Each structure stands twice: as structure tokens, then as C-alpha cells.
Amino acid sequence: MNKQAVVGFLGLGSIGVANFFWGKSSTPSGPADSGFPNGLSIPPPDKNRNGGVPTSQVKNGKGFVSDQSDLVRPADFFKYGFPGPIHDLQTREEFVACYNRVTRNPYYVVEHITPGSLSKNGANGDRKNSVFKEDEQIPAKFRARLRDYFRSGYDRGHQAPAADAKFSQKAMDETFYLTNMSPQVGEGFNRDYWAHLEDFARRLAQNYRSVRIVTGPLFLPKKDPIDGKFRVTYEVIGNPPNVAVPTHFFKLIVAESPVQNPTSDALAVAAFVLPNDVISNDTKLTAFEVPLEALEISSGLEFLSKVPANKKKSLCKEVKCEIIVRDFKQISNGKKELLALPPPPSN
Ligand SMILES: *[C@@H]1O[C@H](CO)[C@@H](O)[C@H](O)[C@H]1NC(C)=O
């Protein structure tokens, strides 16, 4: 079954997927009803935290014991080595990547772009000089490998795009580490709509002096139309299987210091969730916008938790959130120029 067929089978077109999961307009139920695993259900605190259970409560199968050698000390296991989980944080020139050893994808990649960092003056990074490479800082058994992607049918999809790191060849080269990569549908997504979204984020540097972008994969549950249960299903590429193929990707955009009001400390924020699938060019970008909290619930990550609510503005009310469809091959040949970002709405 091809991708389109899978989506069709589940009754969710590309457009409908984000809306479906967040019940944006049509579903009255909140996140708890819409099939999200409740990431907040933490077991109540252990009453016997301080090293062991009182001896009077320890059972050895025959009754209570008072022998000190029978004390229950679960945390002593860690003296043999702490199992983790570990998240590998890689700090590069243009981005910081946080890697997930289970999915062999990043959890997220945080970027920073500015008008200066994107300026053509002095930009000497050229992707023709860069090669995809495995990240040897990740232990071999947890590493995403080039051969996992080979003939998988998926692109090695940059999370921090190469085009955001043209200011130096080193910065550009670093975007080619597999710790900055996730398997992405190529034609119709990574090379099309997703690239247009990346371009939208770059164009924001015309309106803001500083733009921060967080990008990452999602593995979202889908409702099975036959038994009505929610399941997370995803392909794993490689032989033996190694790298998980995300069902969706998110991009959180945080724009600082608007050109028209550079001293403002308010942030312009927008979060988008897109299916890892062919998306038609005429789908509006705003169809993929989701509340920040919905992104947090589905990713297990917390964003902007130190920013007061009155300092978070909606980006899509300050600028027009829309993609510009054009052929990226033509751009690299210099045949088409970047178009200006549409002006903010007047009211
Ligand atoms: C979107 O438009 C571009 C440029 O015309 C084209 O190459 C691409 O195939 C289109 N994408 C889809 C999904 O139709």
C-alpha cells in the first residue's frame, strides 16, 4: 500500500490529519478525549523514599523480617550502571540537536537565524561541498546509519535546513550529520511543501531581527476505522530495522525583535504540524497551525515555559502565514528571486 492509500484507508487526507488530532474546529472533545497518551499521568510519590521500606513492612515470603540485609533498596541497582534514557545534545554553529536513541531521530533541533546569518554577503557555505555523515558521537549501537536510508524510499530530511547555514561551510557541513536528519517523504513533501515551510521561516528574517525555529518528528496515534482504537504505527527503515519513520513533523517558530519595533520583548509564536506525506501546494499553511499546548502534549516537550502568556503573540496575526510555491531548482540556478514577505495585516 502506498502512502496515499494508507492515508485514504484511514480516512484522513493530508489536510485533515492535524485538525483531526487536535479536534481544532469540528471535534468538541479536548486532548484527553482525542486519543493522546496522557503524558502527565505520573505515579504518586513513593512514601518510602528514604532508602528503604521500614523493616516492619518488608515481607520475605514467610512473614515480616527485621534483618537489615533484607532491606529493600531499589536504587542500589544503579551502582551497576545507570540505564538512562540519555538524550544526546549536539551543539553546532547554527543549531542544537537533541537525539533520541530509540527512534534514531532527533527529539528536536533548535535553530537560530538572523538577517545577518542569511545574508548573501560573505556567505561561503555551499551544499555541493557537504556530504551526509553518521554522527560518531552517538554510540554505534544507537546510531542512525547511512545504509539505513539507502534505498529506503525516504529522503534524509534535514531538520535544521542546509539553507539556514550558508554563513560558513562548517555550519553548512554540520547540518548534514544524521543526528539532524529524519526519514521524510521526498517528492511532494521534503522537496516541496516542507521546503516551502522552511522558506517561509527564512523569509521571517525580513520582518524580525531574530528568528528561532524548533523542528522535530512526531509519532501520532491514528484511529482505526474498523475497531475504533487508537494506535501509533510507523515504518522502521534499515536492515536490521533501525531508524523510525515519523508520522508527522512539527515546526515551532519564535520570532523576536520585530524590525518595526526592535525593543519589544514580546515573542511572535506559531506551531505547525504536518503529516510526513505528499501535501498539495494549494493547502493553506494555516491549516497546519496548532496550539502550542497541543504540540507539547503530543511531543512530550515543553516550550517557552518561562514566557508569560502576555509576552506570547500569534505570529500569524503579525505576518501572513503562507507558503510561496515555486520550483526550488530554479532558485538555485538564480532564475527566480526571493519574494518579499507579505506585509502584516493593518489591524
Ligand atoms: C508543487 O509545485 C511544485 C512547483 O511547481 C511542483 O514541482 C510540485 O510537484 C508540486 N507539488 C505537488 C504535491 O503537487
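Residues numbered from 1 in each chain as written. Predicted model: local features only at pLDDT ≥ 70, side-chain atom pairs only at ≥ 80, totals over all residues. Heavy atoms only, no water.

For the chain, an unreviewed UniProt entry supplies the name Endonuclease and the organism Pachysolen tannophilus NRRL Y-2460. We quote the UniProt Subunit (unreviewed entry) comment for the chain here in full: "Homodimer." For the chain, the Sequence similarities (unreviewed entry) comment in UniProt is given as "Belongs to the DNA/RNA non-specific endonuclease family." (UniProt positions renumbered as here; feature names shortened; annotations may be inferred.)

(A) Focus on the UniProt feature "binding site: Mg(2+)" (unreviewed entry) in the chain. The feature "binding site: Mg(2+)" (unreviewed entry), as annotated in UniProt, sits at N190 in this numbering. Of note, N190 is situated in helix 6 (residues 186-190). If we ignore the near neighbours within four places in the chain, the residues touching N190 are D155, G157, Q184, V185 and A195. (Helix = DSSP H or I, 4+ residues; strand = E, 2+ residues; numbered from the N terminus. Contact = heavy atoms within 4.5 Å.)

(B) How the structure looks around the site of the ligand. Lining the immediate environment of the ligand, one finds D192, V278, I279, N281 and V325. Here an oxygen atom of the ligand and a side-chain polar atom of N281 are 2.2 Å apart. Within the complex, 56% of the 360 Å² of free accessible area of the ligand lies under protein. For the shell around the ligand, the per-class residue count stands at three nonpolar, one polar and one charged. (Near = heavy atom within 4 Å. Polar contact = N/O pair within 3.5 Å; in protein donor to acceptor, adjacent residues only side chain to side chain. Areas by Shrake-Rupley, 256 points an atom, 1.4 Å probe, with all protein chains shown as cover. Nonpolar A, V, L, I, M, F, W, Y, C, P; charged D, E, K, R; others polar.)

(C) Looking closely at the nonpolar core. In this structure, F200, F272, L274 and L315 are the most contacted members of the largest nonpolar core, which totals 37 residues. Elements represented by at least two residues in this core include exactly helix 7 (193-203), strand 6 (208-218), strand 11 (248-258), strand 12 (267-275) and helix 9 (315-318). The dominant element in this core, judged by the number of residues it contributes, is helix 7, at five residues. Once residues within four sequence positions are removed from consideration, L274 is found in contact with F189, Y193, W194, L197, H248, F249, I279 and F288. Grouped together as the second largest cluster of nonpolar side chains are 15 residues, V214, A271, L292 and L301 included. (Core = buried A, V, L, I, M, F, W, Y, C linked by side-chain atoms within 4.5 Å. Buried < 20%, exposed > 50% of the residue type's maximum accessible area, 1.4 Å probe, protein only.)

(D) View of helix 7. The buried fraction of helix 7 is high, at eleven of eleven residues. Every buried residue of helix 7 is listed here: Y193, W194, A195, H196, L197, E198, D199, F200, A201, R202 and R203.

(E) Looking closely at the pattern of salt bridges. Using the criterion set out here, one finds 15 salt bridges in the structure. E93 serves as the salt-bridge partner of K170, at 3.5 Å between the closest nitrogen and oxygen. In this pair, K170 is assigned in helix 5 (residues 169-174) and E93 in the loop between strand 1 (87-91) and strand 2 (95-100), connecting sequence segments 77 residues apart. On the basis of relative accessible area, E93 is assigned to the partly exposed category, the value being 39%. In this structure, D199 engages R203 in a salt bridge whose closest nitrogen and oxygen atoms are separated by 3.2 Å. Taken as a pair, D199 and R203 lie in helix 7 at a separation of four residues, close to a single helical turn. When sorted by exposure, D199 lands in the same class as R203, which is buried. Members of the salt-bridge network, linked through shared partners, are E93, K170 and E174. (Salt bridge = Lys/Arg side-chain N within 4 Å of Asp/Glu carboxyl O.)

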